[in-house]
Amino acid sequence: MLSPMKIALLGYGRMGREVEKAALARNHEICLVIDISNTRELNEKNLAMADMAIDFSTPDSAYENIITCFQSGTPIVCGTTGWLARFDEVKKMCTEKGHAFFYASNFSLGVNILFSLNRYLARIMNNFNDYDCSIEEVHHIHKLDAPSGTAITLARDLLEALDRKLQWELNQASEPSSLKISAIRENEVPGTHTITYDSAVDSIAIRHSAKNRTGLAQGAVLAAEFLLGKKGYYTMSDLLGF
Ligand SMILES: NC(=O)c1ccc[n+]([C@@H]2O[C@H](COP(=O)([O-])OP(=O)(O)OC[C@H]3O[C@@H](n4cnc5c(N)ncnc54)[C@H](O)[C@@H]3O)[C@@H](O)[C@H]2O)c1
């Protein structure tokens, strides 16, 4: 039987509210909710009540929130994207100082299967230079960052496997060695990612389309259960085993 956790939610927007539902459904308790109007309440005293923090806030606030959790000794699961410039610093701090940190640009099982397929397909396509590769991501109009963290993860894996691609560019490919990521903002789309290989004679595509945010929120709660009692940096491959 899983032990119930007391969870601090950092960010109570679309994802924060979904995580709350997923956590309650698994018998966890929400002991603290932090959003823009009460950021001062994110302090050591209040975090002492929590076994775990889960952050789905904003690109501008995730770094500070993570550091506050580290200082309080509170394990933290972070899904916020768009703050990658400071990511290596956080990872280093976590491993050197023995904090507990779980990060995923996407917590859904389906997207993590797509990540795996993307790496596999890219290894094959590295031998076929007639195919140009590109990524398209579509999200709701409220999304603050572009391209999505998920698209950046897909691009990073493609750059590693495809010798003909050296860097990614947003909404353009100024040279053949550039991997184009198109970021489209449309209505309330929860998130669609497509990787396409296009040649003069045909095209091959793999795609994941989220139908809602439930899978993302459930994945974040599973990550929190996995992180409890551990030290160090973890991600979805540790949780899922592929
Ligand atoms: N990793 C994943 O699986 C995944 C999935 C969906 C979204 N995301 C990312 O999660 C983040 C949140 O997404 P969302 O759709 O819930 O956005 P949202 O805009 O609906 O919610 C963000 C919330 O954070 C609040 N906030 C602002 N400053 C804060 C602070 N200092 N501390 C705490 N909260 C603060 C905002 O007021 C808002 O309510 C985004 O970066 C998004 O890209 C990641």
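Being a predicted model, the structure only gives us computed values, none of them experimental.

Attention now moves to the domain arrangement of the chain. Domain assignment breaks the chain into domain 1 (6–107 + 214–240) and domain 2 (109–209). Its C-alpha centre places domain 1 at a distance of 27 Å from the equivalent point of domain 2. Buried area between domain 1 and domain 2, summed over both chains or domains, comes out near 910 Å², and the portion from carbon and sulfur atoms is 56%. On the domain 1 side of the interface with domain 2, the three residues burying the most area are Arg14, Ser105 and Asn106, jointly 47% of the side's total.

Among the secondary structure elements, Pro75 is positioned in the loop between helix H3 (62–72) and strand E4 (76–78). Spatially, the C-alpha atom of Pro75 lies 23 Å from that of Ser37, the residues being 38 residues apart in sequence. Apart from the residues lying within four places of it in its own chain, the contact partners of Pro75 are Asp51, Met52, Ala53, Ala100 and Leu227.

What follows deals with the site of the ligand. Around the ligand there are 24 residues in total, and Arg14, Met15, Asp35, Thr81 and Lys143 lie nearest to it. At 2.7 Å, a backbone N or O of Met15 approaches an oxygen atom of the ligand. The side chain of Asn65 places a nitrogen or oxygen atom 3.4 Å from a nitrogen atom of the ligand. Burial of the ligand by the protein amounts to 84% of the accessible area it has alone, namely 860 Å². Partitioning the shell around the ligand into residue classes produces 8 nonpolar, 12 polar and 4 charged.

What follows is about the pattern of salt bridges. What the rule picks out here adds up to 9 salt bridges. For the salt bridge of Arg26 with Glu225, the shortest nitrogen-to-oxygen distance reads 2.7 Å. Of the two residues, Arg26 is situated in the loop between helix H1 (14–25) and strand E2 (29–34) and Glu225 in helix H7 (residues 214–227); the sequence distance between them amounts to 199 residues. In this structure, Arg156 and Asp157 form a salt bridge, with 3.3 Å as the shortest nitrogen-oxygen distance.

Core analysis: the biggest nonpolar cluster contains 26 residues, and Val19, Ile54, Val77, Phe102 and Phe107 have the highest contact counts within it. Elements that contribute at least two residues to this core include exactly strand E1 (6–10), H1, strand E3 (52–55), strand E5 (100–103) and H7. Considering every element that reaches this core, the biggest residue donor is H7, with 8 residues. Excluding residues within four positions of it along the chain, Ile54 makes contact with Ile7, Ala8, Leu9, Leu10, Val19, Val77, Ala220 and Ala224. In terms of nonpolar packing, the next biggest core, distinct from the first, is built from 23 residues, Leu10, Cys31, Cys94 and Tyr103 among them.

Together, Leu109, Ile113, Leu117 and Phe242 make up an exposed nonpolar region whose accessible area comes to about 360 Å². With respect to the element layout, Leu117 can be found in helix H5 (residues 109–125). On the basis of relative accessible area, Leu117 is assigned to the partly exposed category, the value being 42%.

Basis of the calculations
- Residues numbered from 1 in each chain as written.
- Predicted model: local features only at pLDDT ≥ 70, side-chain atom pairs only at ≥ 80, totals over all residues.
- Heavy atoms only, no water.
- Domains from an automatic or database assignment.
- Buried area = accessible area lost by both parts, 1.4 Å probe.
- Helix = DSSP H or I, 4+ residues; strand = E, 2+ residues; numbered from the N terminus.
- Contact = heavy atoms within 4.5 Å.
- Near = heavy atom within 4 Å.
- Polar contact = N/O pair within 3.5 Å; in protein donor to acceptor, adjacent residues only side chain to side chain.
- Areas by Shrake-Rupley, 256 points an atom, 1.4 Å probe, with all protein chains shown as cover.
- Nonpolar A, V, L, I, M, F, W, Y, C, P; charged D, E, K, R; others polar.
- Salt bridge = Lys/Arg side-chain N within 4 Å of Asp/Glu carboxyl O.
- Core = buried A, V, L, I, M, F, W, Y, C linked by side-chain atoms within 4.5 Å.
- Buried < 20%, exposed > 50% of the residue type's maximum accessible area, 1.4 Å probe, protein only.
- Patch = residues over 30% accessible without salt bridge, like charges linked within 9 Å, V, L, I, M, F, W, Y side chains within 5 Å.

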